[in-house]
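Survey of secondary and tertiary structure
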Amino acid sequence: MPVPWEALIPFGLVTIMFGVSGTLLNVSTRAQNLGKPVRHNIDNWDEMMMRRDEQLTGHKRGQRDDPTPRAGFETSSVWYTEKTT
Amino acid sequence: MSSYQPGSVQTRPYIDPTPLPDNIPKVQELGLSSGPLKSAAFFIGAYCKDFNEDFMLCKAENRDPGHCLKEGRRVTRCATDLINKMRENCLSQFQEHWNCLERNNQEYYLCRKPERSLNACMFEKLGLTKVIPGTPEGQKPIHEVESPIFKAIQK
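None of the values given here were measured: they were computed from a predicted structure.

**A closer look at the overall build of chain B**
Along the backbone of chain B there are four helices and one strand. Overall size of chain B, expressed as C-alpha extent along the three principal axes, is 65 × 50 × 35 Å. When burial is assessed residue by residue, chain B has 34% of its 155 residues classed as buried. Only carbon and sulfur atoms are counted for the fraction: they give 55% of the accessible area of chain B, which is about 10,500 Å².

Shown next, in the form of structure tokens:
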């Protein structure tokens, strides 16, 4: 009796769809994080450090090794402001 | 309310480029980002212990930003000094370790192998060891445990 291969098509489709969406999600998140895995369990300290990394390198996940920062680093912090008038 | 209402939070970041006044001595800030800093953290603690403690005790008196500038300058200078020495002596192990941390959510327990080689290099070249303060007496510090419970999946 011939194998009912048409019945396996939905399995294949579902597997492919899971695979494609997972891959796309992974690629998208890695691209947003400069090729590194996304950071999880971020607390206030980590958020502060990532803000500092952005001031130093221009990207939240950018890292640098050099003890000498770029020229305007000391005065580059952003003040949280609100218009009250 | 069908017209445009400007919000109160500003859309543009407010950055004040005014430098410090001239009567305050200038110290180059440490330009290390979070990954390398986390990698070097325990060595900064070992090398700059006195300056760090001075600064923290001073800040404990008064949290005003302008209060402990002198101790803060000393901390910055000491940390910069140590980072320069680290880069001179153990650059490849240092980079290996902080790159590993960056790939692993900056968790120490996932990067023990590069950490061991960095600790060995730092001890050999600069005589600094990583000490976890507050380890209970008689218990091995977690970074020296041979087969820990929480570890990376791959060896």
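**Some remarks on the overall build of chain A**
Counting its secondary structure elements, chain A contains two helices and one strand. Counted from the first residue to the last, chain A has its helices and strands arranged as α-α-β. The C-alpha radius of gyration of chain A comes to 23 Å, more than 25% above the 12 Å expected for a compact globule of 85 residues. Burial statistics for chain A: of 85 residues in total, 21% are counted as buried. When the accessible surface of chain A is totalled, it reaches about 6,500 Å², and 65% of it is carbon and sulfur.

**Let's talk about the nonpolar core**
All names here are of chain B. In this structure, Phe-43, Ile-44, Met-86, Phe-94, Leu-118 and Met-122 are the most contacted members of the largest nonpolar core, which totals 20 residues. Mapped onto this core, the elements with two or more residues apiece are helix H1 (34-47), helix H3 (69-103) and helix H4 (112-126). It is H3 that provides the largest number of residues to this core, a total of eight residues. Excluding anything up to four places from it in sequence, Met-86 contacts Ala-40, Phe-43, Leu-91, Phe-94, Leu-118, Met-122 and Leu-126.

**Comments concerning the pattern of salt bridges**
This model, assessed by the stated rule, comprises nine salt bridges over all chains. In this structure, A:Arg39 and A:Asp46 form a salt bridge, with 3.6 Å as the shortest nitrogen-oxygen distance. Residues A:Arg39 and A:Asp46 agree in their burial class; the two are buried. The shortest N-O distance in the salt bridge between B:Lys49 and B:Glu53 comes to 3.1 Å. Taken together, the positions of B:Lys49 and B:Glu53, both in helix H2 (residues 49-61) and four residues apart, correspond to about one turn of that helix. Note on B:Glu53: relative accessible area 35%, which makes it partly exposed. A single salt-bridge network, built from bridges that share partners, covers A:Lys36, A:Arg61 and B:Glu102.

**Concerning a nonpolar patch on the surface**
Residues and elements named next belong to chain A. Taken together, the side chains of Val-3, Trp-5, Ile-9, Leu-13 and Met-17 present a nonpolar region at the surface, about 550 Å² in accessible area. For Met-17, the position within the fold is in helix H1 (residues 9-32). On the basis of relative accessibility, which here comes to 54%, the residue Met-17 falls in the exposed class.

**A word on the confidence of the model for chain A**
The predicted model of chain A averages 93 in pLDDT, with 100% of residues at 70 or higher. Of all the helices and strands in chain A, strand E1 (residues 78-79) of chain A carries the lowest mean pLDDT, 87, while H1(A) carries the highest, 97.

**Focus on the side chain of B:Gln106**
By the element assignment, B:Gln106 lies in the loop between H3 and H4. Here B:Glu102 takes part through its side chain, which lies 2.8 Å from a polar atom of the side chain of B:Gln106. Ignoring sequence-local partners within four residues, the contact set of B:Gln106 consists of A:Arg39, A:Gln63, B:Ser34, B:Gly35, B:Lys38 and B:Leu101.

Reading guide: rules and limits
- Residues numbered from 1 in each chain as written.
- Chains lettered and ligands numbered in written order.
- Predicted model: local features only at pLDDT ≥ 70, side-chain atom pairs only at ≥ 80, totals over all residues.
- Heavy atoms only, no water.
- Helix = DSSP H or I, 4+ residues; strand = E, 2+ residues; numbered from the N terminus.
- Buried < 20%, exposed > 50% of the residue type's maximum accessible area, 1.4 Å probe, protein only.
- Areas by Shrake-Rupley, 256 points an atom, 1.4 Å probe, with all protein chains shown as cover.
- Rg over C-alpha atoms; globule rule 2.2 N^0.38 Å.
- Core = buried A, V, L, I, M, F, W, Y, C linked by side-chain atoms within 4.5 Å.
- Contact = heavy atoms within 4.5 Å.
- Salt bridge = Lys/Arg side-chain N within 4 Å of Asp/Glu carboxyl O.
- Patch = residues over 30% accessible without salt bridge, like charges linked within 9 Å, V, L, I, M, F, W, Y side chains within 5 Å.
- pLDDT = per-residue confidence, 0-100.
- Polar contact = N/O pair within 3.5 Å; in protein donor to acceptor, adjacent residues only side chain to side chain.

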